Amino acid sequence: MSTPAVIGVLGAGQLGRMLAMAGHRLGLRFRFLDETPDAVAGHVGELVIDSFTQPARLGEFLRGVDLVTYEFENVPVQLAETLARRVKVYPGVTALATSQDRLSEKTMFAELGIGTPPFAKVDSLEELRTAVAKIGLPAVLKTRRLGYDGKGQAVLRAPADVDAAWHALQGTQQGLERGEGAEASSKQAVPLILEGFVNFQAEVSILAARSTTGQVAFYPLTENVHEGGILRISRCPASKRVDGAKFQERAEQLAEAVLKRLDYVGLLAIELFVVGDDLLANEMAPRVHNSGHWTMDGSRTSQFEQHLRAIMGWPLGATQALGFAGMVNLIGPGPELPAFASVPGARVHWYAKQPRPGRKVGHINLLERTQADLEAGLVSTFRMLEQRPNRSAH
Ligand code: AMP
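What you are looking at is a predicted structure, and each value in this text was computed from that prediction instead of being measured. (Residues numbered from 1 in each chain as written. Predicted model: local features only at pLDDT ≥ 70, side-chain atom pairs only at ≥ 80, totals over all residues. Heavy atoms only, no water.)

**Some thoughts on helix 10 (residues 303-312)**
Think of an α-helix as 3.6 residues a turn; residues three or four steps apart then line up on the same face.
Part 1 of the reasoning: Most of helix 10 sits out of view: 9 of its 10 residues are buried.
Part 2 of the reasoning: For helix 10, the full list of buried residues reads Gln303, Phe304, Glu305, Gln306, His307, Leu308, Ala310, Ile311 and Met312.
Part 3 of the reasoning: Trailing helix 10 by a residue or two, Gly313 shows a phi angle of about 75 degrees, which is positive. (Buried < 20%, exposed > 50% of the residue type's maximum accessible area, 1.4 Å probe, protein only. Helix = DSSP H or I, 4+ residues; strand = E, 2+ residues; numbered from the N terminus.)

What follows is the structure in structure tokens.
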């Protein structure tokens, strides 16, 4: 491999930007491919603007590139396959394809003996009614593909919700599919999945990495609080609501099973529900993940560096938390950066994105010596945001 290595990245959003910022310290260079000219990773690497579905500039993107990775999982599989014929693509195409379809993902979890919420494939209103009869209510109806941050989902609480949810999600997919190539034509039903609604005590994620050499590493479980389907707060170690130590081993085992099954290379995030003594897998992301942002300031090796080490075949770095780490997402519109800089001890990460309602524009990391100090820091942060953490955030 030439020195310095050039990494090609599909997608040039904030995850790509943070990947490049971690990689620059290691002497790596980056070239991004994205459909959006103002994509923010373009500030920290070369940016090639092209269509993901009908690319015309792949030669330019690949010139001098040693290997390709991606920062979002809705990259068309066909594009990844085309690139994989010319250069190594990590994580591999199977991992990408599996994670793009909630049904394949949950089927794989089940085959590996990993608990999941009850689920059923739904391709018609008739199948939805049958699935509701089998799984019961409440339940969550989701598009199989392209959902993110709670989009493409509807909660069914009463039998009367069934038809409305079906029609609502058939409409949603049109919006989600913009620019993705209309896989589901207007005549064909949008593929859905019905899941039992889980009354979880907490949501956690396990971040795992596997290198080209087969070495694996796991971060301590991260506890996540979502609001309206969007991640709001992460804590590592988890708060007292979750016995992190008790679940760590099981989480590592299940993550390792997924890494092996997919012959995975890179960083993988698996989101889990804590229910009693069990962990149920909700979904996985074949990339660096929002719930791992605390590692930028709370661990010796950030998830971004870990991903790069894994795909470069370098030894993986230390993963322990250096104290009580917390992360708060900054979601637009809200105060501008200088306001956040005044939160004591806060490390502000600002993505330089145009703020839009519901858009992640940055995050704050806190690292404290005690859980009490972390909670105090989170309260100061939310004061700055002019809202308090909701009850579930405690
Ligand atoms: P997802 O896009 O599947 O990660 O869903 C976004 C958020 O919705 C999750 O983080 C949960 O807070 C909630 N959620 C998703 N699926 C379920 C479920 N089956 N039961 C209860 N809550 C869910």
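**Brief notes about the site of the ligand**
Part 1 of the reasoning: Near the ligand you find 15 residues, and of these Lys142, Gln153, Val198, Glu203 and Glu283 are the closest.
Part 2 of the reasoning: The side chain of Lys142 places a nitrogen or oxygen atom 2.8 Å from an oxygen atom of the ligand.
Part 3 of the reasoning: The backbone of Gly196 places a nitrogen or oxygen atom 3.0 Å from a nitrogen atom of the ligand.
Part 4 of the reasoning: Bound to the protein, the ligand loses 91% of the 480 Å² it would expose on its own.
Part 5 of the reasoning: Elements with a minimum of two residues in the shell around the ligand: strand 7 (139-143), strand 9 (192-196), strand 14 (266-275) and strand 15 (278-285).
Part 6 of the reasoning: Its residues placed into classes, the shell around the ligand shows 5 nonpolar, 4 polar and 6 charged.
Part 7 of the reasoning: Here the shell around the ligand gathers at least three residues from each of two domains, domain 2 (118-196) and domain 3 (202-385). (Near = heavy atom within 4 Å. Polar contact = N/O pair within 3.5 Å; in protein donor to acceptor, adjacent residues only side chain to side chain. Areas by Shrake-Rupley, 256 points an atom, 1.4 Å probe, with all protein chains shown as cover. Nonpolar A, V, L, I, M, F, W, Y, C, P; charged D, E, K, R; others polar. Domains from an automatic or database assignment.)

**A short note on the packing of helix 1 (residues 14-25) against helix 10**
Part 1 of the reasoning: Where helix 1 meets helix 10, the axes come as close as 8 Å, and the angle between the chain directions of the two elements is 70 degrees. The orientation of helix 1 relative to helix 10 falls into the category roughly perpendicular. Residues Leu15, Met18, Leu19, Ala22, Gly23 and Arg25 of helix 1 form the contact with helix 10, whose participating residues are Phe304, Glu305, His307 and Leu308.
Part 2 of the reasoning: Of the residues belonging to the contact of helix 1 with helix 10, the class tally is 6 nonpolar, 2 polar and 2 charged. (Axes fitted to C-alpha atoms, helices over the stretch in contact; angles between N-to-C directions. Parallel < 35°, antiparallel > 145°, perpendicular 65-115°, else oblique. Contact = heavy atoms within 4.5 Å.)

**Some points on the nonpolar core**
Part 1 of the reasoning: Ranked by size, the top nonpolar core spans 38 residues in total, and within it Ile7 and Phe30 carry the most contacts.
Part 2 of the reasoning: Of the domains in this structure, domain 1 (6-89) and domain 3 (202-385) are the two that each give at least three residues to this core.
Part 3 of the reasoning: Apart from the residues lying within four places of it in its own chain, the contact partners of Phe30 are Ile7, Val9, Leu19, Ala20, Gly23, His24, Gly45, Glu46 and Leu308.
Part 4 of the reasoning: Core analysis: the next-biggest nonpolar cluster, separate from the first, contains 27 residues, Phe109, Ile206, Ala255 and Met284 among them. (Core = buried A, V, L, I, M, F, W, Y, C linked by side-chain atoms within 4.5 Å.)

**Examining the domain arrangement of the protein**
Part 1 of the reasoning: Domain boundaries in the protein define domain 1 (6-89), domain 2 (118-196) and domain 3 (202-385).
Part 2 of the reasoning: Computed from C-alpha coordinates alone, the two centres of domain 1 and domain 3 are separated by 23 Å.
Part 3 of the reasoning: Counting residues at the interface gives 20 residues for domain 1, matched by 20 residues for domain 3.
Part 4 of the reasoning: Around 1,800 Å² of area is buried between domain 1 and domain 3 when both sides are counted, 72% of it from carbon and sulfur atoms.
Part 5 of the reasoning: Three residues, Gln14, Leu15 and Met18, lead the burial of domain 1 against domain 3; their summed loss comes to 29% of the area buried on that side.
Part 6 of the reasoning: The tally of links from domain 1 across to domain 3 stands at 2 salt bridges.
Part 7 of the reasoning: Two residues, Glu73 and Arg287, come together in a salt bridge whose shortest N-O distance is 2.5 Å.
Part 8 of the reasoning: At the level of secondary structure, the elements contributing two or more residues to the side of domain 1 that touches domain 3 comprise helix 1 and strand 4 (67-70). (Buried area = accessible area lost by both parts, 1.4 Å probe. Salt bridge = Lys/Arg side-chain N within 4 Å of Asp/Glu carboxyl O.)

**Re the pairing of strand 15**
Part 1 of the reasoning: Within strand 15, 6 of the 8 residues are buried, which leaves the element mostly enclosed by the surrounding structure.
Part 2 of the reasoning: Sheet topology places strand 14 next to strand 15; 7 bridges connect them, and they run antiparallel. Along strand 15, the bridge assignment pairs Ala269 with Ala285.
Part 3 of the reasoning: Hairpin connection from strand 14 to strand 15: 2 residues lie between these consecutive antiparallel strands, with Gly276 at a positive phi of about 60 degrees. (Pairing = 2+ DSSP bridges.)

**A word on the sheet that holds strand 1 (residues 6-10)**
Part 1 of the reasoning: The strand order 3-2-1-4-5 describes an open sheet built from 5 strands, whose pairing is parallel. In the strand order of this sheet, the two ends are held by strand 3 (46-49) and strand 5 (88-89), each with one partner.
Part 2 of the reasoning: Of the pairings in the sheet, the one linking strand 1 to strand 4 comprises 4 bridges and is parallel in character. Along strand 4, the bridge assignment pairs Gly8 with Val68.
Part 3 of the reasoning: Contacts between helix 1 and the sheet are confined to strand 1, strand 2 (29-34) and strand 4, with strand 2 contributing the most and set at about 170 degrees to the helix.
Part 4 of the reasoning: Most of the contacts of helix 10 go to strand 4, to which it runs at about 145 degrees, and overall it touches strand 1, strand 2 and strand 4.

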